[in-house]
Structure formats: C-alpha cells, structure tokens
Amino acid sequence: MAIPGSGLAKGLAVTLRTMTKKTVTAQYPDVQPELPPRTRGVIGLFEENCTVCMLCARECPDWCIYIDSHKETVPAAAPGGRERSRNVLDRFAIDFSLCMYCGICIEVCPFDALFWSPEFEYAETDIHELTHERDKLREWMWTVPEPPALDPHAEEPKEIAAARKAADKAAEKAAAAAQAEAEAQAQAQEEQQ
Amino acid sequence: MNDVLDVALRLLVVFAVFLVLPLVIGQTEHKVMAHMQGRLGPMYAGGFHGWAQLVADGVKFAQKEDVVPKDADRRVFQLAPAVALLPYLLVLVAIPIGPSEGAVGQVVDAGIFFVLAVMGVGVLGSLMAGWASANKFSLLGGLRTAAQLLAYELPMLLAAASVAMAAGTVSLPGILNAFEWWWLPWQIVGALVFFVAGLAELQRPPFDMPVADSEIIFGAYTEYTGLRFALFLLAEYAGIVVLCGLTTVLFLGGWHGPFGADGLGWVWTLLKTAVLAFVVIWLRVSYPRLREDQLQKLAWTTLVPLALAQIALTGIVKVAIQ
C-alpha cells in the first residue's frame, strides 16, 4: 500500500521537475519556427515548365486554380516542315482562401511546374488578396528549398539510374571499340614482321 | 521632533515594503507558474523577461471604469477593498525582521494577538463585498468565505498559541529571542497547521473555493472592476507576504540562522519568507481545488485535532524541561 500523502508529494515533484525542464513556448514573431522538410506553406509556380495541360486545375478538389491560355503557331523549324502550335499561358492563379493544401496539383503536374514552399506568412486583410496571380506564384519559387537529401541506402533516383545506365553503356561501347582497334593494330604489326 | 521623524520614516519603509513585496511575489508567481507548466510567462512588458508585467496590469486596472451595480449597497461596496487590504499593512508594522530595535515597524507587546486579530479583519472585506454586491454569485462567495474563516481561524489560533506557550510570551520579538533550533522539530506540526490554515484564510489555491471561477465566477469579487478589483488582488498577495512572514517569525526562527554575521539577521528573515512564498506558489500549481465539504472536513477533522495535539505536546515538553 502506498504511504498516505505520497500522491501529494508526487504532484509537487511533477511540477518541480517541469520547472527545471526547457519550456515549450514558441516565441514566434520574434523567433521563426524551425519547420520540418517538405512543409506545405504556399504553392510556387515555375511557369517556364508549364505547358497549360490543365491537369492541376482539373484534379484540384476545391477548384481553386484558374488557368487561361491561347494557342500560338510556331513557324516550321526546318524549311519545308509543318507549322507547330503551342499553348501560351495567359493567367495562372491559385485562390489560397479555397485551397486546402492537399498538394494534389503538385503531385499531378507531369512537367514539374508546381512546388511546395515553406513560406506561410501571407495573411491578408482582404480575402480577394489571397488569390495569388501568376507573378506572385512565380515569386514564391525563389523560396522553394532544395529537395531534402535521400535517406542513407535509399534506392537511386530514377533519373540518375537511367543516366548512369546510358553512361555505362557508352563507356562499354567505347572500350570495346578501343580494344578492337588495338587488336587490329597488333595484327597489322605482326603481318609487317 | 526626532520622534515624529522616526515614526514617519518607519511607516514609510513599511509602506514601501507593503507596496513592493506583493508585486515581487506576484511577478514570481507569473514566472514560476509558467515554468512549472512548461511555459515562459510574460516576456514583453518592460523588455527584460516581462519584469514590468504587473506595472502594466496596474496601469490597465487604473484606466478601467469604476462600476458600482445599481442595486449594490454603495458605501459598503466601495469600502470593501480597503477593508480587505489595510489589515495586512497593519500586520506588516508588527512583524520583526531583525533582532535590532530598528528592524520592526512597531514593537507590540501582545504581538500574536494583534497580528491574528487584525488578519481576521482582512477576510471581512470579502464578506462585505459579497453581501453588498447584490449578486447571488457574490453572496455565495461571501458565505463560503465566512465558512472558511470560521473553520480555519481556530486551528490557526491554536497553532500560534502553541508557540506562545513554548516561548512564554505573546510578543513577536520575545518569541524570537527565546527561539532555539530544536523548536523546529518540536513545533513542526504546529507550523504545518498554521501555514495550511493561513493559506485557506487567504483563499489561495487549493483552498480557493470562495472564488472558484468555474462555479461562482469570482465569488465575492464578481462585481468589481478597475482599481477596486486590483486592490482585492493586491490584498491576496499582501496576505501571502504576511502569512509567510508570520510563519517565519513564529515557527522558523525569523532572524536566527545556522551562520551569518550579527547585522544580517534580516537576510535570514527575508530568505525564509521568500522560500515560503515559493511554496505557496508551488502548491497552487500542483494541487486541484478542494471541494467545499472537503475543505470543512480538512479543517475540523485534521487540522483542529493536530493543533490540539501540538498544544498538548508543547505543554508536556515545557513541563518536562523546567
């Protein structure tokens, strides 16, 4: 059986121990928070990569992405070739008062034109200001951090694996060619003697 | 002429202490309570770790409108904060902090009587506030205050009587002159009873049933605003100073310490008072509020018998050593 009053002592011990520990208060406006990697603060648009495929706007559950575009014809690259048409972006806007930060648009973009940025201080006094237009979305791109390093022993990224494969193949080919040439030279020398 | 100057100076010093120490304890409570809960507490006011938070609070209170409810008993309602606060100022005059003649505001021959009687008046302020507010919550708070006063005054007086028996005098400096170190274990039960009963009389958590905000808003102080409300809060902290000072003087040997120079007795008094004030804050953070019936039960079935036992023990030892 516990000693009577031991609970009282335990209570005092808990508070005293907490007092000696570090506090958990975040002094936010004075000290910026240390955000974890892949923090979802705001979405940046790398418009040079955008092809106006509209996948992001269609997949958005909130319908908060607005895209306008027009078609332009590009003169043929080679003489006698056919004219090409391409999409030109007129407007790209995300309404962050509707956005629920699900990240599906970023996930679904096949051309790597959308990125998460950890910036979160873009509160406004007017809700209309929360619709960030193309130039503002482009500005956010400067705040997008480098992708975090892979875990140790992680699988190689696909791009690097493919590049390495190609490089290995080329090196093999070059080596084989060099060997063949060396053999040919040696044979020629033998024939001379 | 010199006498007048002497009296004025003493009163001025006591008044300064009365204004400063409660604020120091209040600020300490802000900080200690925050850190005991893993927080930082006030950080902005005054620049350095929010040292001026209570000054800022005071300015805020002073700016507020002083409202008296229409149906309230105006005169009594307005007088109550003063009645709650001033007794602690009077008690402070009689508490000696050092052995020399100059270290006490005024030597009172019947010190214990004076101190305990005047401290009891402080609670009257809450009763007046509760009755005069014309508010049911205030009235409930006032009645709870009254019940608490009735229950806890008795063990407090008995515990103090035990010390007076041991010393053979009711004068506070007299008690301290007679103090020996072995009084500490001898009177320990009395000290605990006195301290706990004092806490209850101050309505400090865990004995804050009369102002239980989750039940009766803020008890007797519900209708108060602005400076008058601030005076009630100040009374609570002045009460902590007085209670800790009294416990130090009566039970912990006041200016006596294990070592230290002759002239530095007052440092011991202040140190012991500060440690006790920390304990008061510590208890507030650690324990939940006692229910009204638990409050009464603690007083009548635990503290009163303990205090009586202490008196019996004191009497036996006193007779044995003579």
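Here the structure is a predicted model, which is why all the values come from computation and not from measurement.

For the rest of this paragraph, the subject is the environment of A:Asp95. Residues and elements named next belong to chain A. Take Asp95: it is sitting in strand β3 (residues 84–95). Judged by relative accessible area, which is 10%, Asp95 ranks as buried. Through-space distance from the C-alpha of Asp95 to that of Ile127 is 9.3 Å; in sequence the pair is 32 residues apart. Aside from chain neighbours lying at most four places away, what touches Asp95 is Cys64, Tyr66, Leu130 and Thr131.

It is worth spelling out the sheet that holds strand β5 (residues 131–132) of chain A at this point. Residue and element names in this part refer to chain A. Pairing in this open sheet of three strands is antiparallel, and the strands run β2-β3-β5 from one edge to the other. Each of the sheet's edge strands pairs with one partner strand only, and the pair in question is β2 (65–74) and β5. Summarising the sheet, β3 and β5 pair through two bridges and their orientation is antiparallel. Residue pairing across strands places Ile94 opposite His132, the latter belonging to β5.

Now for the UniProt feature "binding site: [4Fe-4S] cluster 1" (unreviewed entry) in chain A. All names here are of chain A. Per the UniProt record, "binding site: [4Fe-4S] cluster 1" (unreviewed entry) is annotated on Cys50, Cys53, Cys56 and Cys109. A stretch of 60 residues holds the annotated residues, and the largest C-alpha distance among them is 10.5 Å, short enough that they meet in one place. Take Cys56: it is sitting in helix α2 (residues 55–59). Residue classification places Cys56 among the buried positions, given a relative accessible area of 9%. Sequence-distant contacts of Cys56, defined by excluding residues within four places in its chain, comprise Ile65, Ile67, Phe92, Cys105, Val108 and Leu114.

Attention now moves to the nonpolar core. One finds B:Tyr152, B:Phe194 and B:Leu250 to be the most contacted residues of the largest nonpolar core, which totals 93 residues. No other element matches the 16 residues that helix α10 (residues 226–251) of chain B contributes to this core. Discounting chain neighbours no more than four positions away, the residues touching B:Tyr152 are B:Ala197, B:Ala200, B:Glu201, B:Phe207, B:Leu295, B:Leu298, B:Ala299 and B:Leu303. Core analysis: the next-biggest nonpolar cluster, separate from the first, contains 26 residues, A:Ile43, A:Cys56, A:Ala113 and A:Leu137 among them.

Attention now moves to the UniProt feature "binding site: [4Fe-4S] cluster 2" (unreviewed entry) in chain A. Residue and element names in this part refer to chain A. With numbering matched to this structure, UniProt assigns "binding site: [4Fe-4S] cluster 2" (unreviewed entry) to Cys60, Cys99, Cys102 and Cys105. Of the residues just listed, which span 46 residues, no C-alpha pair is farther apart than 10.6 Å, and they cluster in one region. Within the secondary structure layout, Cys99 lies in the loop between β3 and α3 (104–108). Within the secondary structure layout, Cys102 lies in the loop between β3 and α3. Residue class for Cys102 comes out partly exposed when judged on its relative accessible area of 27%. The residues contacting Cys102, other than those within four sequence positions of it, are Arg40, Pro61 and Trp116.

Further remarks concern the side chain of B:Gln27. All names here are of chain B. Relative to the elements of secondary structure, Gln27 occurs in helix α1 (residues 2–36). In this structure Gln27 comes out as buried when scored by relative accessible area, which is 13%. Once residues within four sequence positions are removed from consideration, Gln27 is found in contact with Pro42, His49, Gly50, Trp51, Gln53 and Leu54.

Within chain B, residue pLDDT values average 85, and 97% of them lie at 70 or more. Here the predicted complex carries an ipTM of 0.73, next to a pTM of 0.76.

We now examine the packing of aromatic side chains. Using the criterion set out here, one finds 18 aromatic pairs over all chains in the structure. Judged by centre distance (5.7 Å) and plane angle (65°), the ring pair of B:Phe179 and B:Trp183 falls under edge-to-face. Judged by its relative accessible area of 11%, B:Phe179 is buried. B:Trp183 sits in the buried class, given a relative accessible area of 4%. Every member of this aromatic cluster is reached through a ring pair, and the members are B:Phe61, B:Phe77, B:Phe218, B:Tyr221, B:Tyr224, B:Phe229 and B:Phe232. Positioned over the ring face of A:Trp142 is A:Arg138, at 5.2 Å from the centre of the ring. Over the ring of B:Phe61 we find B:Lys60, and its NZ or CZ is 4.8 Å from the ring centre.

Relative to β3(A), β2(A) runs antiparallel, the two sharing 10 bridges. Paired with A:Lys71 across the strands is A:Asn87, a residue of β3(A).

What counts and what doesn't
Residues numbered from 1 in each chain as written. Chains lettered and ligands numbered in written order. Predicted model: local features only at pLDDT ≥ 70, side-chain atom pairs only at ≥ 80, totals over all residues. Heavy atoms only, no water. Helix = DSSP H or I, 4+ residues; strand = E, 2+ residues; numbered from the N terminus. Buried < 20%, exposed > 50% of the residue type's maximum accessible area, 1.4 Å probe, protein only. Contact = heavy atoms within 4.5 Å. Pairing = 2+ DSSP bridges. UniProt positions renumbered as here; feature names shortened; annotations may be inferred. Core = buried A, V, L, I, M, F, W, Y, C linked by side-chain atoms within 4.5 Å. pLDDT = per-residue confidence, 0-100. Phe/Tyr/Trp six-rings, centres within 6.5 Å; stacked < 30°, edge-to-face > 60°. Lys NZ or Arg CZ within 6 Å of the ring centre and 35° of its normal.

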